[in-house]
Amino acid sequence: MLCFHVCAGEIFELKAELNSDKKEKKKEAVKKVIASMTVGKDVSALFPDVVNCMQTDNLELKKLVYLYLMNYAKSQPDMAIMAVNTFVKDCEDPNPLIRALAVRTMGCIRVDKITEYLCEPLRKCLKDEDPYVRKTAAVCVAKLHDINAQLVEDQGFLDTLKDLISDSNPMVVANAVAALSEIAESHPNSNLLDLNPQSINKLLTALNECTEWGQIFILDCLANYAPRDDRESQSICERVTPRLSHANSAVVLSAVKVLMKFMEMLPKDLDYYGTLLKKLAPPLVTLLSAEPELQYVALRNINLIVQKRPEILKHEMKVFFVKYNDPIYVKLEKLDIMIRLASQANIAQVLAELKEYATEVDVDFVRKAVRAIGRCAIKVEQSAERCVSTLLDLIQTKVNYVVQEAIVVIKDIFRKYPNKYESVIATLCENLDSLDEPEARAAMIWIVGEYAERIDNADELLESFLEGFHDESTQVQLQLLTAIVKLFLKKPTETQELVQQVLSLATQDSDNPDLRDRGYIYWRLLSTDPVAAKEVVLAEKPLISEETDLIEPTLLEELICHIGTLASVYHKPPSAFVEGSRGVMHKRLPARTGSLVSVIPSHTLSFFLGGDIGGSAAMGAGFGAVPAVMPASLNAPMGGGLGDLFDLGGGVGMPLGAYIPPKTVWLPAMKAKGLEISGTFARRAGVIQMELTLTNKAMSVMTDFAIQFNRNSFGLAPAGPLQVLSPLSPNQTIEVSLPLSTVGPVMKMEPLNNLQVAVKNNIDVFYFSCQYPISMLFVEDGKMERQVFLATWKDIPNENESQFQIKDCHLNSDAASNKLQASNIFTIAKRTVEGQDMLYMSIKLSNGIWVLAELRVQTGNPNYTISVKCRAPEVSQCVFQCCEAVLKN
Amino acid sequence: MIGGLFIYNHKGEVLISRVYRDDIGRHAVDAFRVNVIHARQQVRSPVTNIARTSFFHVKRSNIWLAAVTKQNVNAAMVFEFLYKMCDVMAAYFGKISEENIKNNFVLIYELLDEILDFGYPQNSETGALKTFITQQGIKGQHQTKEEQSQITSQVTGQIGWRREGIKYRRNELFLDVLESVNLLMSPQGQVLSAHVSGRVVMKSYLSGMPECKFGMNDKIVIDKAGKGGVTDDVAKSTTGKQSIAIDDCTFNQCVRLSKFDSERSISFIPPDGEYELMRYRTTKDIILPFRVIPLVREVGRTKLEVKVVIKSNFKPSLLAQKIEVRIPTPLNTSGVQVICMKGKAKYKASENAIVWKIKRMAGMKESQISAEIELLPTNDKKKWARPPISMNFEVPFAPSGLKVRYLKVFESKLNYSDHDVIKWVRYIGRSGIYETRC
């Protein structure tokens, strides 16, 4: 903090001047005080003297005193009271400018005693005859609400503010809208704005008449409205489109936001929909001729728009070409959009541009350009060949970072188009020595390993890397290990020595658990079953997808609702950078009316909407309408047994315990100098426990046990120390139960439920890894509301759905449901269609991820089908394994 | 909304600091100085987030203006506001410099109090502001009640940009069509991108509250009108290019946007004095006034030969002015010999470029420069980036082909008609970013 202390002499001098009889001298003195205040000097000691100058008819002097008051009133609340009288008097002044000034300033003074006195004048000013005073008073309500929300509600100011929306003056309307929107943000459910077709109409009328800033307030408010149907949404769009021609870019972007949002509701086959799409492109392009800072904001937003609706700008590639003297932040953003717009139609031009950029000076920009060439190759197959030759040209320049970047992207091109461009490998190998970045080294090593059979001196190349093995980063070490194993599997005779060397480097001399584990796995694979090793290590790789770094769809939707704002610049939801409750509410795009069919599979739809497409009369009444208790016995005549006695929907679970897998040996004694650890995981009454059996098979006593986990996918960590109280004597076994928490550091593991553990005793530290059943993480409140289930199911994109078979399971659906419920897999509803029972289930993981599933049980068929849908599709596999385990035990 | 506004000099000293919201503390002033102004690297973004506080900044010469917020504000609005604030300050005291800001700090605080309330931008039209924020310090009691309410109704009213009761002895209008033509051309002469961004700037000295209507050869309007009559074909065949396709245009807030949207007519009550009526952009059928043909040859490692031909491409009767061609040279240039047929050419070592200036050049002419550049041998592996050759010029026509068809003035209450208004129209085409790669 920068704070100067003003010497006593200076203060004394100012004091004398402030109390001077001459007006001019007084004013000069106040100016000096404000100047000191600006640079951070503490002039609060002059408070009484400055306040004394307040009683003046000189407006300029008055404003200066007010400025001082706003700054220091908080630190001197008792003295600030002295000013109240003048304020109250000024609020009655015949001059509207002075009335407004008084009420505006009073709202900025955050002292309780002054706030009390503000209410009466504010009430009058809100109904003042002069619009200038009313528009100032409207904002003042928001100020007061920020200081004391309760007071504003008690005094009925909110209603007065709502009335101002119908004011005859457009600027009063705009400020009232701004104030209400802000207040509404801190009461997300208050329905304060109460937008309805009538008030919307008023806003749209004011929109045509108010200042540019007022138009922004109104448009931003409109964007929060949910039209009742597509017709209303079209008529609002029609009245908003003229704003696209406004000279103020913020008006344009806010109008774009409203249109992008309401367009969602229009049927795509509507003529107007196409017209609207066409109207959006030109104003977006025009934003690029604004000042660079605004261009940056526009480009960040266009990046979102292009991802949501690529058709709008697909013909406008050229305007995103980078200009030589664009600021770097504009260049980088343009490049990003160019890649997104690249298609077969424009790829030639794009490539020519990218090649040009790759010779620029800014390192970040050049790297991004090179990467972009690789992305083009992957995105547009026809261009791949040209991209590769461009990359080769760039490698010839020998500019170090260009070469490295090019090699990284060529690796991806190899993955996308296997067996096509391997002829360039020779050129790549020439540049081995210049690679000094881990990512590039790893990429090169991967290439050598993958195509070892075509590179004559692959063994020499890899051997050269092996010399400084311990100085390499983990990424490179892992890649080198794999590459040499690949080489060995392809040319076993010549490379035996090399593989021995790398395996021992990885397992014996390294203290990185990842590396050592991989080393051991390879070692064991190679020594036990070379054929299996070949199948594992040289397995065919899945092709990589063409679009990378797309924003996740739900986030994208939210960001589209925030076009023009900081959230759209950061590409982060407001909750990520705004403190407190403000703006934390997540916004959603409205649903297209009547388009449900395309989103949920039809059988589910009929089920939820109560139709009879599926043919089940019993369930025809539908989901949302039927109260929680299900006539289970009616639906499942085959069921019988225990299942029927229990109400599925009521949550009174079976007294069955949650599934606990049997203990397995995690750490054999021979690996851990005599300590054998076996264990399992359990969830009991909401607490996750690791149950361990420690056996001392050594000759000496073991003491000082401690345990630690490596970072893992769900943040599992010991919630307390490992409780081994007495020393463990030879041949003794003890059982320990370790409670776990889920608030530890998170890192994605492969497989997802892998856990790396370190156990220490007085002898040494030992490492092992184990896999926990993911059901441990299923929380007790994982039962979803039916409506929510319906909404979520259709909200998750279909590509996130995966289907699995559970074989040889001889339970009926109710027994299955009970069994699953004991492990916190909740059945929300069940229905029967032609002898097939369908269970709809929800699961919530400890980190808040929801998993939805549909289990199909055919009477008499021991094979179940389960479909799992989740926003994080990588958990699906684990969830399935877990369901299978639960059902079979 | 905007939580605070700071102005700094180039050293990072605070010249103006106004805080609007309680969540912005004094430390925010220092955070921006330390993290942005004093940061060693180049500024990588105009928006910076420091400890959950967002800073928006723009620079005018060596003055930094920063707006601060902790909320999810409308980012486009914040920048528009900062630009607007620069305009307002410039209108009050001229250039934005440290000295001017220091001398006018009382005025700036007064303006900031008026145009930003609790972080919400309010009326920021200079015309309106100047009626009640004056450097003399208005004395409230000297105004009549009517004057006061006239001020407030103007500041909050529908026509916030013009006051009632303006009178001129001579009603006069100046209309400038200012275009900047942008080009990026490949070394082979292929147009990579070209567009014209134009502005229609007006100076109006009209009495009363006149209603104006502006017409140009907009393709959509002409085609619409043409459908009704038969004369269209005739007109087209006699005058050649009749209408132009406008990609997009934006208007001053005085123009009735809904009317433009429905009828594509541009009608407005103009502000008094100078203002920008509209901006537009075209990309089709642009007349490129000059063509640059570069030829760069590397002779060995220490010598470059450059030859550049420029050709003017417009009516021979017109004259282009202030022509300047800038040919970049490598960083390791040791000496340059230049020969040019016309104008003057000089090697400017500090700018790493040969600058060739020609005062005037008529249409359909051609001129040439050749240069030999000697290079110092370096062991720098990095290749020279070969920046494009750029060009500056001014021509007395609109490269987009835009023509003003009419500008009608109606003032029903006062006794002057459209014919009595003296109107002046001028077209100026300038180079924007006009580059040819070599």
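Only a predicted model underlies this, so the values are computations on that prediction, with no experimental measurement involved.

**Student:** Would you mind going over the overall build of chain A in detail, with residue names and values included?
**Tutor:** A count of helices and strands for chain A gives 39 helices and 13 strands. Across its three principal axes, chain A shows a C-alpha extent of roughly 105 × 75 × 70 Å. Split into buried and exposed, the 889 residues of chain A put 57% on the buried side. Across chain A, every contact between residues at least 6 apart in sequence was considered, and the portion connecting residues at least 24 apart equals 66%. Total accessible area on chain A is roughly 36600 Å²; 52% of this is exposed by carbon and sulfur atoms. On chain A, the mean spot of the 91 positive side-chain charges and the mean spot of the 109 negative ones are 3 Å from each other.

**Student:** Explain the confidence of the model for chain B to me, using residue names and the numbers behind them.
**Tutor:** All names here are of chain B. Scored by pLDDT, chain B has a mean of 87; 93% of the residues are at 70 or more. Between residues 229-240, whose pLDDT stays under 50, and residues either more than four places distant or in other chains, the model counts three contacts. Complex prediction metrics read pTM 0.71 and ipTM 0.80.

**Student:** Run through the interface of chain A and chain B, naming residues and quoting values.
**Tutor:** Listed per partner, the contact involves 103 residues of chain A and 94 residues of chain B. When the two sides are added together, the surface that chain A and chain B hide from each other amounts to roughly 8500 Å², 55% of it contributed by carbon and sulfur. With a shortest N-O distance of 3.1 Å, Arg110(A) and Asp22(B) are connected by a salt bridge. Where chain A meets chain B, there are 42 residue pairs in polar contact (both at pLDDT 80 or more). No other element matches the eight residues that helix H9 (residues 131-147) of chain A contributes to the side of chain A that touches chain B. Looking at the side of chain A that touches chain B residue by residue, the class counts come to 51 nonpolar, 22 polar and 30 charged.

**Student:** Describe the domain arrangement of chain A, and please don't skip the residues or the numbers.
**Tutor:** Residue and element names in this part refer to chain A. With domains assigned, chain A is organised as domain 1 (342-435), domain 2 (437-528), domain 3 (664-772) and domain 4 (777-888). Between domain 2 and domain 3, the C-alpha centre-to-centre distance is 31 Å. Facing the five residues of domain 2 at the interface are five residues of domain 3. Both sides of the domain 2 and domain 3 interface together cover about 380 Å² of buried area, and 40% of this is carbon and sulfur.

**Student:** Tell me about the confidence of the model for chain A, and please be specific about residues and values.
**Tutor:** Residues and elements named next belong to chain A. The predicted model of chain A has a mean per-residue pLDDT of 83, with 90% of residues at 70 or higher. When mean pLDDT is taken per element in chain A, helix H18 (residues 292-308) scores highest with 96 and helix H33 (residues 596-599) scores lowest with 35. Throughout residues 594-655 the model reports pLDDT below 50, and contacts reaching past four residues in sequence, or to other chains, amount to 89 contacts.

**Student:** Describe the nonpolar core, listing the residues and the values that go with them.
**Tutor:** One finds Tyr68(A), Leu122(A), Leu313(A), Phe414(A) and Phe56(B) to be the most contacted residues of the largest nonpolar core, which totals 282 residues. The dominant element in this core, judged by the number of residues it contributes, is helix H2 (residues 75-93) of chain B, at 14 residues. Structurally, this core is a two-domain feature, drawing no fewer than three residues from each of domain 1 (342-435) and domain 2 (437-528) of chain A. If sequence neighbours within four positions are ignored, Tyr68(A) has contacts with Val33(A), Ile34(A), Met37(A), Val43(A), Ser44(A), Leu46(A), Phe47(A) and Val50(A). Among the nonpolar cores identified, the runner-up in size contains 65 residues, and Leu738(A), Cys770(A), Ile806(A) and Cys882(A) belong to it.

**Student:** Can you break down a negative patch on the surface residue by residue, with the values?
**Tutor:** Residues and elements named next belong to chain A. Residues Glu460, Glu463, Glu467 and Glu497 make up a contiguous surface patch of negative charge. Position of Glu460 among the secondary structure elements: in helix H26 (residues 458-466). The class for Glu460 is exposed, based on a relative accessible area of 53%.

**Student:** Quick rundown of the packing of helix H21 (residues 363-379) of chain A against helix H23 (residues 400-416) of chain A? Include the residues and the values.
**Tutor:** Residue and element names in this part refer to chain A. Between H21 and H23, the least distance of the axes is 9 Å, while the angle of their chain directions is 20°. Taken together, the axis directions place H21 and H23 in an arrangement best described as roughly parallel. The chirality of how H21 crosses H23 is right-handed. On H23, the residues that touch Val363, Val366, Arg367, Val370, Arg371, Gly374, Ala377 and Ile378 of H21 are Tyr401, Val402, Glu405, Ala406, Val408, Val409, Asp412, Ile413 and Lys416. Its residues assigned to classes, the contact of H21 with H23 shows 11 nonpolar, one polar and five charged.

**Student:** I'd like to hear about the sheet that holds strand E3 (residues 47-50) of chain B, residue by residue, with values.
**Tutor:** Residues and elements named next belong to chain B. Strand order in the open sheet formed by five strands is E2-E1-E5-E4-E3, with antiparallel pairing between adjacent strands. A single partner strand is all that each edge strand has here, and the edge strands are strand E2 (14-19) and E3. Taking the axes of each pair of neighbouring strands and ignoring which way they run, one obtains an average angle of 20° across the sheet. One ladder, built from five bridges, connects strand E1 (residues 4-8) with E2; its direction is antiparallel. Residue pairing across strands places Tyr8 opposite Val14, the latter belonging to E2.

**Student:** Quick rundown of a positive patch on the surface? Include the residues and the values.
**Tutor:** Residues and elements named next belong to chain B. On the surface, Lys344, Lys346, Lys357, Lys359 and Arg360 cluster together to form a positively charged patch. Of all the secondary structure elements, the ones that give two or more residues to the positive patch are strand E18 (344-348) and strand E19 (353-362). The element contributing the most residues to the positive patch is E19, with three residues. With respect to the element layout, Lys359 can be found in strand E19.

**Student:** Lay out the packing of aromatic side chains with the relevant residues and their values.
**Tutor:** Each aromatic ring pair is summarised here by two numbers: the centre-to-centre distance and the angle between the ring planes. Overall, the coordinates contain 32 aromatic pairs over all chains when judged by the stated rule. Measuring from centroid to centroid gives 5.3 Å for Phe217(A) and Tyr120(B), while their planes differ by 80°, and the two rings are edge-to-face. Highlighted residues: Phe217(A) in helix H14 (residues 212-222) and Tyr120(B) in strand E7 (residues 120-121), drawn from two different chains. In this pair, the class of Phe217(A) matches that of Tyr120(B), namely buried. A ring pair is formed by Phe105(B) and Tyr109(B), whose centres lie 6.2 Å apart and whose planes are at 85°; its orientation type is edge-to-face. Of this pair, Phe105(B) and Tyr109(B) both sit in helix H4 (residues 105-115), separated by four residues, roughly a single helical turn. Judged by its relative accessible area of 14%, Phe105(B) is buried. Relative accessible area serves as the criterion here: at 3%, Tyr109(B) is assigned to the buried category.

Parameters at a glance
- Residues numbered from 1 in each chain as written.
- Chains lettered and ligands numbered in written order.
- Predicted model: local features only at pLDDT ≥ 70, side-chain atom pairs only at ≥ 80, totals over all residues.
- Heavy atoms only, no water.
- Helix = DSSP H or I, 4+ residues; strand = E, 2+ residues; numbered from the N terminus.
- Buried < 20%, exposed > 50% of the residue type's maximum accessible area, 1.4 Å probe, protein only.
- Contact = heavy atoms within 4.5 Å.
- Areas by Shrake-Rupley, 256 points an atom, 1.4 Å probe, with all protein chains shown as cover.
- Lys, Arg positive; Asp, Glu negative; His and termini not counted.
- Charge placed at Lys NZ, Arg CZ, Asp CG, Glu CD.
- pLDDT = per-residue confidence, 0-100.
- Buried area = accessible area lost by both parts, 1.4 Å probe.
- Salt bridge = Lys/Arg side-chain N within 4 Å of Asp/Glu carboxyl O.
- Polar contact = N/O pair within 3.5 Å; in protein donor to acceptor, adjacent residues only side chain to side chain.
- Nonpolar A, V, L, I, M, F, W, Y, C, P; charged D, E, K, R; others polar.
- Domains from an automatic or database assignment.
- Core = buried A, V, L, I, M, F, W, Y, C linked by side-chain atoms within 4.5 Å.
- Patch = residues over 30% accessible without salt bridge, like charges linked within 9 Å, V, L, I, M, F, W, Y side chains within 5 Å.
- Axes fitted to C-alpha atoms, helices over the stretch in contact; angles between N-to-C directions.
- Parallel < 35°, antiparallel > 145°, perpendicular 65-115°, else oblique.
- Left-handed = near helix turned anticlockwise from the far one by under 90°.
- Pairing = 2+ DSSP bridges.
- Phe/Tyr/Trp six-rings, centres within 6.5 Å; stacked < 30°, edge-to-face > 60°.

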